[in-house]
Number of protein chains: 2
Amino acid sequence: MQTIQPLVELHIVEAVPPSLKDNTGDLDRLKKALSCENVRVPNRRIATVAGKFRQAGFRGAAVINVLPGGRELVDFLPEVPPQLVGMALDLGTTHLEACLVDMLTGVVLARGTIENAQIEYGADILARIHFAAKNNGLAVLHDAIITCINELADELAVKIGFAGTDIRAMSVSGNTTMTHFLLGLDPYHLCREPYIPVVNIPEPCMAEELGLKINPASPIWVLPSIGSYFGGDLISGIIASGLDEQEHTSMLIDVGTNAEVVVGNREWLIACAGAAGPALEGGVAKMGMRAGPGAIDQVSIDKDTKEFRYRTIGDLPPKGICGSGIIDLVAELYLSRMIDLRGKFRIDAAGDRLIKQGDGFSLIVAAAEDSADGKPITLSQVDLDALMRSKAAMYSILRTLTNQVGTGFDQLRHIYVAGAFGQHISPRQAIVLGMIPDLPLEVYVPIGNSSLAGAKKILLEEGARSRSVELVKKITYVELNVNQEFMIRFSGARFIPHTDHNLFPSVPFFEDN
Amino acid sequence: MQTIQPLVELHIVEAVPPSLKDNTGDLDRLKKALSCENVRVPNRRIATVAGKFRQAGFRGAAVINVLPGGRELVDFLPEVPPQLVGMALDLGTTHLEACLVDMLTGVVLARGTIENAQIEYGADILARIHFAAKNNGLAVLHDAIITCINELADELAVKIGFAGTDIRAMSVSGNTTMTHFLLGLDPYHLCREPYIPVVNIPEPCMAEELGLKINPASPIWVLPSIGSYFGGDLISGIIASGLDEQEHTSMLIDVGTNAEVVVGNREWLIACAGAAGPALEGGVAKMGMRAGPGAIDQVSIDKDTKEFRYRTIGDLPPKGICGSGIIDLVAELYLSRMIDLRGKFRIDAAGDRLIKQGDGFSLIVAAAEDSADGKPITLSQVDLDALMRSKAAMYSILRTLTNQVGTGFDQLRHIYVAGAFGQHISPRQAIVLGMIPDLPLEVYVPIGNSSLAGAKKILLEEGARSRSVELVKKITYVELNVNQEFMIRFSGARFIPHTDHNLFPSVPFFEDN
């Protein structure tokens, strides 16, 4: 197991008390008693640190933040505490997820989530960037996210019988816009060509500088980003997966609003981001929803009887369908031949489940009498078309990116799939749709919330901290919006599983489509 | 001439503007365009620096603070300014004296002084330390000194047609207590055994952290101290004199409330401080005053006629006598035999100038009709006794200190005399009194306000900055309050010039005393 080198260290101090023969200043005495040299004390911490050191009788534990520019002595405790709590935070656009970690042992002490309070000012990133440009808008958004983090921190601290101020470090991974809001930086240029962040690699700062109510001297370690569309959450994901440390080439896929993909190994890394997510996130399909209680997350269709079976999260009456449920559903619709290879309903096969809604057909997934609100759960042709675009985009992104470096899919040791998407979808069904490459299932490794997992590593590993900064320089970013090859591939991928059937030998091909 | 390596640097920047092919963040772009590496940007400066860089079209001058922990990028200017103004400040207990310096050329642009506004809360250091212990007292004293510095900064800036915010650096040298007040640190233990400062070597901080109204990003470089009784003003004096860089051994004397003395060379330095000053500062003698307009600063007495001649500062009617005037006066009284070797009035010789005041005699220096307020300017036997103690203390300090290192006075290449004392006194007269060693007059070098001169060097020389910190470790401090040798020497020095006449061969010895 790797040695823990936390973002905050405790140094046990036993200094000789002052005397007429030794008139060293209190703070200078403390520095001398440390086992390491060149420790700085920020001006605004001098009075606190020196005062506590004297009060403790010149012995106890020095609290030292480990920063890229060197060590900073920021607090002094009369006794060595049993735990040293750090908070790893995934700063998402819709939700914040965090865990408290004991930085002495690496043990996770608590975990929780909270809705991003900025939603009140804009549902998505773009709306919020526009809101920020209004009078005082940036300050409002900054305050909202700080308040939200403070709430989550307090909630988690209470869970383990601590106060928020007992949290002594925070690592934050988020997309570039969320990072700007956190730091109070103007996001104006993030969504305007040529899409330039104010900063990609911010220096760590202290909690009190941002208004965070955890311990004021906590270092806030914000994961760096590569550009407007490739944020610290992705860097964090790479660190969590270990992609950048392995000899063999692997891939990391993170699907949110965008699909973000990285391919590489310890020698090189290439990445891109593209709009592939909406239909998968449950944001576009009319009946779509996040993977939460009441969401249909698995569907199977009996080939012969055409009978539907589904599972809901929490075993509740269905409220809607989440991303993995939609993928399952559409793959099953194809395998049971109720849709054709273009993703269109086959009226004859699906007949009794189709109803006319607005301009086109919709398919009843769950009947009105079974659903949570007495209305049928349906999938429309419009939803299907959106999914077809999303899956085509996803496959094209993967193919274009690997092709840039001349790597075949079969050369990938692993494909790490991050987030709720990776946690819930069946790779098999995604392969049937031609969304992801037709590879042995063991190649696919779901890694959960890798943004949070990477942030946790930042709290505990010096190597993770240095890697995060090196990654910014190491990754070659490919802009897909101006990529010709991507557009050509996209057209070919708008069939199930693909126009080139040889790419998906494991998927049944129906001649009569 | 030494190359200037100022505390704040300007780096000319010409960056390639961002494009789709180069999506480096604004701040990261700026850092890359610098000619030096590992430059940090403090969190609270990110928005300002990045915003100004963009607004200036990605070219201009980066403002970089040169700190012991590395370089910090803190501001950006669209054009290289013709001057880069820094402020050197001597933070005295009674007065603040400062100069503005162009850090690009080293030229002094303005100079001025202001009374220390803390006097309202305590005339001397001890009174203020007691005041600080009262409810909110420390904050009141901190605010008073900050306000005072802001006033002086504005006043000097206006003199050269600048605003206070155009001042981009400040170096401060003051005694240890003043430094504590400046930084808002509790001085409680400074005057209580074993006399321990909160900190001797504070990290540089930024103007805005202290509430200073010069440019908020200015580095504030506070000269370190060695202990409660040996402050940054002395370290500054050593730097100004160059004592610590010379092959030959020399001495530095600074007389304020205490006499502070350093002996040494580039290999070693030894220092002490002792109460020798009051009578010399003009604080004790009834007619004593600071060396200001109307102060008698030179006196001569005709040996035959016993006629007095005096000079006043500004050629005004006399108001009192300053330190150098008192030394002149008493030396002349001895040479004209109006006082004896114990410093007592000789009634027969001084008869017609003596008047009875209270318990004893006083000598009329200037007649009532000649003085500024119509009252005679007098010197009492009590004043004389105080001067005798001061001069004995001074000589004993010098002798004890040199004896500690086995150095004879004749081995001293120079004796640097700092402050108003050094500027105004005649070494010859001080030798007559036996206050300072009987050495050729060219050994004595007045160096003016060396506290301010050292602070100026801090603004301009990297070597001065590193020396100041090294000096804290290099100087051996001798505590005179517990020194037996000092007490024995003190008794022997309470005669004019000394009980051992051989120590002062150049001074007339009168057998019949």
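Since this is a predicted model, take the numbers as computed values, not measurements.

For chain A, the assigned domains are domain 1 (8-77), domain 2 (85-232), domain 3 (246-278 + 387-448 + 457-503) and domain 4 (281-381). Distance from the C-alpha centre of domain 2 of chain A to the C-alpha centre of domain 4 of chain A: 36 Å.

Glancing now at the relation of the copies chain A and chain B. Both copies of the chain are tied together by a single rotation about an axis and a shift running along it. Overlaying chain A on chain B yields an RMSD of 0.1 Å, the required transformation being a rotation through 180° with an accompanying axial translation of 0.0 Å. Here the symmetry operator amounts to a two-fold rotation axis. Every residue of chain A has its C-alpha some distance from the rotation axis, and the shortest such distance is that of G69 of chain A, at 3.7 Å. In this assembly the copies share their binding face: 100% of the residues contributing to the interface of chain A also contribute to that of chain B.

Residue and element names in this part refer to chain A. For helix 3 (residues 125-133), the complete set of buried residues consists of I125, R128, I129 and A132. End-on, the buried residues of helix 3 take up no more than an arc of 105°, which puts them together on one face. Against the buried residues of helix 3 lie helix 4 (137-159) and helix 5 (176-183).

A few words now on the pairing of strand 2 (residues 59-67) of chain A. Two faces belong to every sheet, and in a regular strand the side chains alternate between them. All names here are of chain A. Here seven bridges tie strand 1 (residues 8-14) to strand 2, and the two strands are oriented antiparallel to one another. Paired with V8 across the two strands is N65, which belongs to strand 2. With seven bridges joining them, strand 2 and strand 3 (residues 70-77) adopt antiparallel strand pairing. Counted as the bridge partner of V63 is D75 from strand 3. Once strand 2 ends, the chain turns through two residues before running back antiparallel as strand 3.

Moving on, we get to the sheet that holds strand 10 (residues 250-255) of chain A. Residues and elements named next belong to chain A. With mixed pairing, the six strands of this open sheet are ordered in space as 20-19-10-11-12-21. Looking at the sheet topology across the chains shown, the edges are occupied by strand 20 (444-448) and strand 21 (475-478). Between one strand axis and the next, the sheet turns by 20° as a mean value, whatever way the strands run. In the sheet, strand 19 (residues 415-418) pairs with strand 20 via four bridges, with the strands oriented parallel. Note on strand 20: the bridge partner recorded for I415 is Y444. Against the sheet, helix 11 (residues 381-404) engages strand 11 (259-264), strand 12 (269-274) and strand 21, with an angle of about 25° to strand 11.

What follows concerns the nonpolar core. In terms of nonpolar packing, the biggest core is built from 303 residues, with V261 of chain A together with V261 of chain B touching the most fellow members. Residues contacting V261 of chain B, with those up to four places away along its chain left out, are M251, L252, I253, A271, C272, I397, L398 and L401 of chain B.

Here we come to the pairing of strand 5 (residues 95-102) of chain B. Residue and element names in this part refer to chain B. Of the pairings in the sheet, the one linking strand 4 (residues 85-91) to strand 5 comprises seven bridges and is antiparallel in character. Bridging across to strand 5, V85 finds its partner in D102. The pairing of strand 5 with strand 6 (residues 108-115) spans seven bridges and is classified as antiparallel. The residue bridging C99 from the neighbouring strand is R111, located in strand 6. Between strand 5 and the antiparallel strand that follows it, strand 6, lie five residues; G106 among them carries a positive phi value of about 85°.

Once that is clear, we can look at the interface of chain A and chain B. Chain A puts 40 residues into the contact, and the matching count from chain B is 40 residues. For the side of chain A that touches chain B, the secondary structure elements donating two or more residues are helix 1 (26-33) and helix 2 (46-55) of chain A. Residue classes in the side of chain A that touches chain B are distributed as 20 nonpolar, eleven polar and nine charged.

With that out of the way, let us pick up unusual backbone geometry. At the junction of E193 of chain B and P194 of chain B, the peptide bond is cis and its omega measures out at 0° in the coordinates. Positionally, P194 of chain B belongs in the loop between helix 5 (176-183) and strand 8 (205-206). Residue P497 of chain B follows I496 of chain B across a cis peptide bond; omega there is -15°. Looking at where P497 of chain B falls in the secondary structure, it is placed in the segment after helix 16 (484-492). You will see that D315 of chain A, though not glycine, has its phi angle at about 55°, which is positive. The residue D315 of chain A is located in the loop between strand 14 (308-312) and strand 15 (320-321) in this model. One non-glycine residue, N38 of chain B, lies in positive phi territory at about 55°. As for its position among the elements, N38 of chain B is in the loop between helix 1 (26-33) and helix 2 (46-55).

Conventions and cut-offs
- Residues numbered from 1 in each chain as written.
- Chains lettered and ligands numbered in written order.
- Predicted model: local features only at pLDDT ≥ 70, side-chain atom pairs only at ≥ 80, totals over all residues.
- Domains from an automatic or database assignment.
- Least-squares fit on C-alpha atoms with pLDDT ≥ 70 in both.
- Contact = placed C-beta atoms within 7 Å.
- Buried ≥ 20, exposed ≤ 12 C-beta atoms within 10 Å, placed from the backbone.
- Helix = DSSP H or I, 4+ residues; strand = E, 2+ residues; numbered from the N terminus.
- Arc of directions from axis to C-beta.
- Pairing = 2+ DSSP bridges.
- Axes fitted to C-alpha atoms, helices over the stretch in contact; angles between N-to-C directions.
- Core = buried A, V, L, I, M, F, W, Y, C linked by C-beta atoms within 7 Å.
- Nonpolar A, V, L, I, M, F, W, Y, C, P; charged D, E, K, R; others polar.

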